[in-house]
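Each chain, letter by letter, is given below.
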Amino acid sequence: MMESGAPTCHTCGENVGLNANGEPFVACHECSFPICKTCFEYDLKEGRKACLRCSSPYDENLLDDVEKASADQSTMAAHLSKPQEVGIHARHISSVSTLDSEMTEDNGNPIWKNRVESWKEKKSKKKKPAKTKADTEAQVPPEQQMEDKPALDASQPLSTIIPIPKSRLAPYRTVIVMRLIILGLFFHYRVTNPVDSAFPLWLTSVICEIWFAFSWVLDQFPKWYPINRETYIDRLSARYEREGELSELAAVDFFVSTVDPLKEPPLITSNTVLSILALDYPVDKVSCYVSDDGAAMLSFESLVETADFARKWVPFCKKFSIEPRAPEFYFSQKIDYLKDKVQPSFVKERRAMKRDYEEFKIRINALVAKAQKTPEEGWTMQDGTPWPGNNTRDHPGMIQVFLGNSGARDIEGNELPRLVYVSREKRPGYQHHKKAGAENALVRVSAVLTNAPYILNLDCDHYVNNSKAVREAMCFMMDPQVGRDVCYVQFPQRFDGIDRSDRYANRNTVFFDVNMKGLDGIQGPVYVGTGCVFNRQALYGYGPPSMPSLPKSSSSSCSWCGCCSCCCPSKKEPKDPSELYRDAKREELDAAIFNLREIENYDEYERSMLISQTSFEKTFGLSSVFIESTLMENGGVAESANPSTLIKEAIHVISCGYEEKTAWGKEIGWIYGSVTEDILTGFKMHCRGWRSIYCMPLRPAFKGSAPINLSDRLHQVLRWALGSVEIFLSRHCPLWYGFGGGRLKWLQRLAYINTIVYPFTSLPLIAYCSLPAICLLTGKFIIPTLSNLASVLFLGLFLSIILTAVLELRWSGVSIEDIWRNEQFWVIGGVSAHLFAVFQGILKMLAGIDTNFTVTAKAADDAEFGELYIVKWTTLLIPPTTLLIVNMVGVVAGFSDALNKGYEAWGPLFGKVFFSFWVILHLYPFLKGLMGRQNRTPTIVVLWSVLLASVFSLVWVRINPFVNTADSAAVTSSCISIDC
């Protein structure tokens with residue numbers, strides 16, 4: 001394939017042209033986004049002064065030059081006689097969503113210019129039947145229709161970036177730089193002033209402090225460019241839902257995954273499904289797929305009841321604009337439900353609907369009670385046949401379509417969204433990859449049956465809290481100027497049922513409201529596993545359409561700074577052969593997509609030959625129907641497709657052996673290799689050059705449930721940390737993976753490195769939390785006598801830490817309590833769950849040993865937030881409990897020693913006790929969790945902790961490692977002389 005030397009404009013397809021120095025025009029020096037000067041000026045006129053790809057603000061000098069030249073250009077434009085000479089830059093075409101699949105070649109260059117005439121003819125044929133003023137439009141040429149009609153839409157962006165005000169961001173960045181400088185001076189002082197009398201303690205403390213500083217850098221700098229976003233749902237409707245015409249909004253396939261209905265209550269899953277079916281979105285554009293990975297008849301029967309209740313619930317929600325549209329949470333709201341309601345029939349219909357829902361709950365509860373004891377002969381269906389999933393580890397694939405265009409309608413006779421039950425095949429001897437494998441099975445089933453261009457996945461306990469959430473995401477995905485490079489739109493996680501003080505930081509407010517906003521200003525937020533709208537093409541392993549081919553000449557960009565090669569002209573990053581192979585395969589797939597689009601009327605033989613020639617089977621598996629669906633960028637299923645044939649094909653693509661010798665889980669779909677498949681999946685997409693977007697509507701889009709019990713919360717954190725350790729020890733580690741193409745920005749890489757190394761902070765953290773007790777028990781300290789300069793350094797370090805937190809509060813809007821709870825649980829999780837995750841991950845990855853930690857309930861409470869006070873025994877409770885006891889014993893020992901030694905010992909004691917209280921204060925929520933509501937701590941926890949603390953103290957007294965040999969000899973001789 002031939003490549004032109006000059007880059008091509010991403011918007012209009014023309015060469016970007018040259019600047020005053022004779023070099024190619026570059027608008028953004030951060031990512032070298034290809035845009036010509038004319039389109040760049042158009043952006044400025046529309047008020048967009050930031051790059052469309054990386055959101056970095058344009059150079060001020062460049063903006064000044066354009067403003068000076070704008071007067072001359074407007075004068076020249078007035079003399080142009082042919083409208084098509086300026087129409088090439090009018091951007092009207094970019095507002096038409098159906099063009100997205102035809103705008104790029106395999107190397108990412110626009111191609112519509114060469115085929116615009118044929119496109120005009122096709123679009124004019126499609127538009128004419130929908131016209132109501134045929135006589136008027138017959139007088140207008142088709143070319144002028146194409147140029148004029150979208151003009152109103154193209155002038156209005158569907159979303160906008162709202163930068164953080166400089167008055168808030170500039171001081172924040174200044175304090176970060178100052179803190180870095182102070183840290184450098186602090187470590188210079190610490191290293192050059194060792195404590196000889198307690199050298200091992202001093203060395204341990206310095207190593208720990210250096211690691212903490214490194215962790216802070218990894219966490220802090222990805223928050224350098226925080227941004228906010230605003231969406232315009234009304235503009236989306238005006239553009240894609242014109243009155244009198246069919247809706248042009250893109251279809252969305254919803255994925256809901258569940259495994260064990262006895263642990264994940266069917267009523268909660270039913271509420272999630274009902275909230276999806278009642279969305280404020282065209283019903284023919286919504287399909288809900290429920291994955292039952294446990295093949296439980298209880299899940300199937302509850303879904304039957306859910307589909308029946310949906311016939312009443314969906315029209316009720318849409319008639320009265322109910323929020324939220326999950327009945328359990330709507331009826332439990334403690335608000336004035338009559339607010340903003342004007343229909344006289346609302347009260348009567350609400351009462352009737354509440355009664356219907358309570359009857360629905362009774363039926364679900366009856367199913368759950370029936371499922372508590374499995375019959376010896378297994379479950380049987382209503383027709384008397386055995387349930388295919390009686391053996392959960394050996395059963396065929398099952399698919400059942402409940403609702404849809406050919407299924408049951410609601411009580412008012414309107415069509416309902418499609419609802420599909422899916423249970424993939426499982427056989428002994430096959431690796432099924434847990435949730436990631438179930439999600440990939442849903443990707444294939446949905447591609448065969450509906451093939452929506454976008455996918456939204458939810459956990460079974462996360463319901464839709466905002467009925468317009470999908471429209472919020474479409475403001476990014478369907479925006480021609482933004483959406484083509486977006487792999488997914490991530491929503492923040494919000495939770496119900498958390499105690500008011502959020503004792504164990506379940507809301508993760510700092511992560512979702514601070515860190516994710518910072519990532520949104522770089523290359524986008526990480527994928528967090530739920531509440532995410534995907535571009536289906538990104539899941540198939542393709543690169544973004546606008547991404548140019550990998551650097552092959554001296555004009556390539558630097559993989560670290562993202563600017564032109566002038567910053568490092570003589571150094572080229574050598575590419576890994578495996579990276580070259582994967583990029584070549586992706587280019588081959590992109591080329592095949594382009595070629596297939598060019599064939600308008602091809603028969604079955606030509607189609608099968610083309611698919612065979614491109615070797616798609618090795619990538620996607622042996623299903624021609626599925627492979628064809630991957631080549632449709634705008635989605636959809638052929639109208640001539642036979643539904644029964646599609647169901648058979650859908651059963652085939654969820655067979656347990658379908659993924660063998662394919663790229664599933666390696667390069668496409670959800671990526672295997674870690675229990676936190678979400679991080680891996682998003683990381684691979686960002687490495688290919690995609691960007692993601694963080695969407696935070698005023699009304700939370702989705703809400704879920706979180707474990708508020710201490711032991712359950714620690715086990716949740718253990719699973720996350722274990723996944724990070726698995727990624728660290730795999731080939732996908734961000735420390736070395738994805739450097740070949742230079743498409744992952746270095747700040748984004750820092751963020752991903754932080755997500756995989758944070759569990760290892762547990763090792764220095766538990767050592768650092770032990771130091772205060774050791775210092776109090778031995779009378780030693782890790783810091784020498786402070787000079788005036790040292791006092792200033794310590795004071796400056798503490799002030800910079802406080803100022804960083806305060807200024808972060810100022811631009812992010814989170815509360816000081818949220819930051820403090822986050823700090824506390826960072827210590828609690830670090831000395832318990834993260835520590836076990838490190839050892840468990842190493843054993844699992846290197847020795848193949850899988851260790852599980854059991855959770856056993858010891859007490860219960862039926863009051864509000866009763867689960868918060870349940871104390872459950874688990875091994876994870878031992879290390880933090882031991883630290884608490886050791887530090888408390890150390891404080892008592894320290895005060896006793898000071899009382900014996902007199903006044904001069906109280907000064908050094910203050911620093912040691914302050915250090916110890918720092919540990920106890922951070923572990924205080926853990927201590928409250930141990931005590932429960934009535935101080936009911938499990939005896940086993942107390943015994944183990946006291947035993948470990950006693951053994952540690954006795955061994956310490958026996959060894960006494962911080963007494964010099966000479967001192968020891970002197971003590972011995974003195975004892976001998978006394979005896980004599």
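Keep in mind that what you see is a predicted model, and the values were worked out from it rather than measured.

A.B. asks: Kindly report on the overall build of the protein chain, identifying the contributing residues and their values.
C.D. replies: In terms of helices and strands, the protein chain carries 35 helices and 15 strands. Sequence separation of at least 24 residues holds for 78% of the intrachain contacts in the protein chain that already meet a minimum separation of 6. For the protein chain, the computed accessible surface area is about 45600 Å², with 58% contributed by carbon and sulfur atoms.

A.B. asks: Tell me what's going on with the sheet that holds strand β3 (residues 252–258), and back it up with residues and numbers.
C.D. replies: Taken in spatial order, the 8 strands of this open sheet run β5-β6-β4-β3-β7-β11-β9-β12, and their pairing is mixed. Of all strands in the sheet, those bounded by a partner on one side alone are β5 (398–403) and β12 (691–694). Across the sheet, the mean angle separating the axes of adjacent strands is 20° when strand polarity is ignored. The sheet contact formed by β3 and strand β4 (residues 286–292) spans 7 bridges and is parallel. Paired with Val-256 across the two strands is Val-290, which belongs to β4. Against the sheet, helix α12 (residues 297–320) contacts β4, β5 and β6 (418–423), and its axis sits at roughly 15° relative to β5. Along the sheet, helix α16 (residues 469–477) contacts β3, β7 (454–459), β9 (486–490), β11 (532–535) and β12; its crossing angle with β9, the most-contacted strand, is approximately 150°.

A.B. asks: Describe the packing of helix α11 (residues 266–277) against helix α14 (residues 346–370), and please don't skip the residues or the numbers.
C.D. replies: Across the interface, α11 lies against α14 with an axial gap of 10 Å and an inter-helix angle of 135°. What the angle tells us is that α11 and α14 run oblique. Considering how the two elements wind past one another, α11 and α14 form a crossing that is right-handed. Of the residues in α14, those touching α11 at Pro-266, Leu-267, Ser-270, Asn-271 and Leu-274 are Tyr-357, Phe-360, Lys-361, Ile-364 and Val-368.

A.B. asks: Before we move on, could you go through a nonpolar patch on the surface and cite the residues and values that matter?
C.D. replies: A surface patch of nonpolar side chains, amounting to about 330 Å² of accessible area, comprises Leu-729, Ile-842, Met-845 and Leu-846. With respect to the helices and strands, Met-845 occurs in helix α30 (residues 833–847). Met-845 sits in the partly exposed class, given a relative accessible area of 31%.

A.B. asks: Can you explain the pairing of β3? Please cite residues and give values.
C.D. replies: When you tally the buried positions in β3, you get 7 out of 7 residues, the bulk of the element. Where burial is concerned, the two faces of β3 agree: the one with Val-252, Phe-254, Val-256 and Thr-258 and the one with Asp-253, Phe-255 and Ser-257 are both buried.

A.B. asks: An account of the nonpolar core is requested, with residue identities and associated values reported.
C.D. replies: With 129 residues, the main nonpolar core has Val-445, Phe-534 and Phe-626 as its most contacted residues. In this structure, Val-256, Phe-300, Leu-303 and Ala-307 belong to the second largest nonpolar core, which totals 73 residues.

A.B. asks: So, the environment of Leu-442: which residues are in play, and what are the values?
C.D. replies: Structurally, Leu-442 can be placed in helix α15 (residues 434–449). Distance in space between the C-alpha atoms of Leu-442 and Ser-257 is 9.2 Å, their sequence separation being 185 residues. Apart from residues lying up to four places away in sequence, Leu-442 is in contact with Phe-255, Val-256, Tyr-289, Ser-291 and Val-422.

A.B. asks: Quick rundown of the packing of helix α24 (residues 677–687) against helix α26 (residues 746–757)? Include the residues and the values.
C.D. replies: Between α24 and α26, whose axes approach to 12 Å, the crossing angle comes to 160°. Between α24 and α26, the interaxial angle falls into the category roughly antiparallel. The handedness of the crossing between α24 and α26 comes out as left-handed. Facing α24, whose interface residues are Ile-679, Gly-682, Phe-683 and His-686, α26 presents Gln-748, Tyr-752 and Thr-755. Its residues assigned to classes, the contact of α24 with α26 comprises 3 nonpolar, 4 polar and no charged.

A.B. asks: Any chance you could break down the UniProt feature "transmembrane region" (unreviewed entry) in the protein chain for me, citing the residues and the numbers?
C.D. replies: Summarizing the sequence annotation, UniProt attributes the feature "transmembrane region" (unreviewed entry) to residues 757–777, 789–807, 827–847, 868–893, 905–927 and 939–959 in the numbering used throughout. In the segment residues 757–777, helix accounts for 81% and strand for 0%; the C-alpha atoms at its two ends are 32 Å apart. Span residues 789–807 is 100% helix and 0% strand, its end C-alpha atoms 26 Å apart.

A.B. asks: An account of α24 is needed here, citing residue identities and associated values.
C.D. replies: Taking burial as the measure, the 11 residues of α24 include 11 buried ones, the bulk of the element. Of the residues trailing α24, Gly-689 is marked for its positive phi of about 105°.

A.B. asks: Residue-level account of the environment of Leu-744, with values.
C.D. replies: Tracing the backbone shows Leu-744 in the loop between α25 (710–728) and α26. Residue classification places Leu-744 among the buried positions, given a relative accessible area of 3%.

A.B. asks: Go over the confidence of the model for the protein chain with me, naming the residues and quoting the values.
C.D. replies: Summary statistics for the protein chain give a mean pLDDT of 77 and a share of 73% for residues scoring 70 or more. In this model, residues 1–5 is a region of pLDDT below 50 whose contacts with residues beyond four sequence positions or in other chains number 4 contacts. Confidence over residues 970–980 falls short of pLDDT 50; this stretch has 0 contacts with residues more than four positions distant or in other chains.

A.B. asks: Which residues make up unusual backbone geometry, and what values do they have?
C.D. replies: Note: most residues except glycine have negative phi, and most peptide bonds are trans. Residue Glu-323 is joined to Pro-324 through a cis peptide bond whose omega torsion reads -10°. A positive phi angle, near 50°, is found at Asn-508, a position not held by glycine. Even without a glycine there, the phi angle at Lys-661 is positive, about 60°. On the basis of relative accessible area, Lys-661 is assigned to the exposed category, the value being 81%.

A.B. asks: Break down the packing of aromatic side chains for me, citing the residues and quoting the values.
C.D. replies: Considering all chains together, one arrives at 42 aromatic pairs under this definition. Geometrically, the ring pair formed by Phe-212 and Tyr-768 is edge-to-face, given 5.3 Å between the ring centres and 85° between the ring planes. Of this pair, Phe-212 sits in helix α9 (residues 199–220) while Tyr-768 sits in helix α27 (residues 762–778), placing them 556 residues apart in sequence. Exposure class is identical for Phe-212 and Tyr-768. Each is buried. Among the aromatic residues, those joined into a cluster by ring pairs are Phe-309, Trp-313, Phe-316, Phe-320, Tyr-330, Phe-331, Phe-346, Tyr-357 and Phe-360. Arg-235 extends its terminal NZ or CZ atom over the ring of Tyr-232, reaching a point 3.9 Å from the ring centre. The cationic tip of Arg-749 hangs over the ring face of Phe-739; the distance from NZ or CZ to the ring centre is 3.7 Å.

A.B. asks: Could you give an account of the side chain of Ser-724, with specific residues and numbers?
C.D. replies: For Ser-724, the location among the structural elements is in helix α25. Accessibility expressed as a relative area gives 1% for Ser-724, which makes it buried. A distance of 2.7 Å separates a polar side-chain atom of Ser-724 from the backbone oxygen of Thr-755. Here Ser-724 is in contact with Thr-676, Ile-679, Thr-755, Ile-756, Tyr-758 and Pro-759, once residues within four sequence places are set aside.

A.B. asks: Describe the pairing of β9, and please don't skip the residues or the numbers.
C.D. replies: Successive residues of a regular strand alternate their side chains across the two faces of the sheet. With respect to burial, β9 is a largely interior element, 5 of its 5 residues being buried. Note that β9 and β12 share 4 bridges and pair parallel. In the sheet register, Gln-490 faces β12, and the bridge partner there is Tyr-694. Relative to β11, β9 is paired through 3 bridges, and the arrangement is antiparallel.

A.B. asks: Hey, could you go over the side chain of His-432 for me, with residue numbers and the actual values?
C.D. replies: Structurally, the position occupied by His-432 is in the loop between β6 and α15. Judged by its relative accessible area of 16%, His-432 is buried. Within polar-contact distance, the side chain of His-432 engages the backbone oxygen of Arg-427 at 3.4 Å. Apart from residues no more than four positions distant in its own chain, His-432 is found in contact with Arg-424, Glu-425, Lys-426, Arg-427, Gly-437 and Cys-656.

The rules behind each value
Residues numbered from 1 in each chain as written. Predicted model: local features only at pLDDT ≥ 70, side-chain atom pairs only at ≥ 80, totals over all residues. Heavy atoms only, no water. Helix = DSSP H or I, 4+ residues; strand = E, 2+ residues; numbered from the N terminus. Contact = heavy atoms within 4.5 Å. Areas by Shrake-Rupley, 256 points an atom, 1.4 Å probe, with all protein chains shown as cover. Pairing = 2+ DSSP bridges. Axes fitted to C-alpha atoms, helices over the stretch in contact; angles between N-to-C directions. Parallel < 35°, antiparallel > 145°, perpendicular 65-115°, else oblique. Left-handed = near helix turned anticlockwise from the far one by under 90°. Patch = residues over 30% accessible without salt bridge, like charges linked within 9 Å, V, L, I, M, F, W, Y side chains within 5 Å. Salt bridge = Lys/Arg side-chain N within 4 Å of Asp/Glu carboxyl O. Buried < 20%, exposed > 50% of the residue type's maximum accessible area, 1.4 Å probe, protein only. Core = buried A, V, L, I, M, F, W, Y, C linked by side-chain atoms within 4.5 Å. Nonpolar A, V, L, I, M, F, W, Y, C, P; charged D, E, K, R; others polar. UniProt positions renumbered as here; feature names shortened; annotations may be inferred. pLDDT = per-residue confidence, 0-100. Phe/Tyr/Trp six-rings, centres within 6.5 Å; stacked < 30°, edge-to-face > 60°. Lys NZ or Arg CZ within 6 Å of the ring centre and 35° of its normal. Polar contact = N/O pair within 3.5 Å; in protein donor to acceptor, adjacent residues only side chain to side chain.

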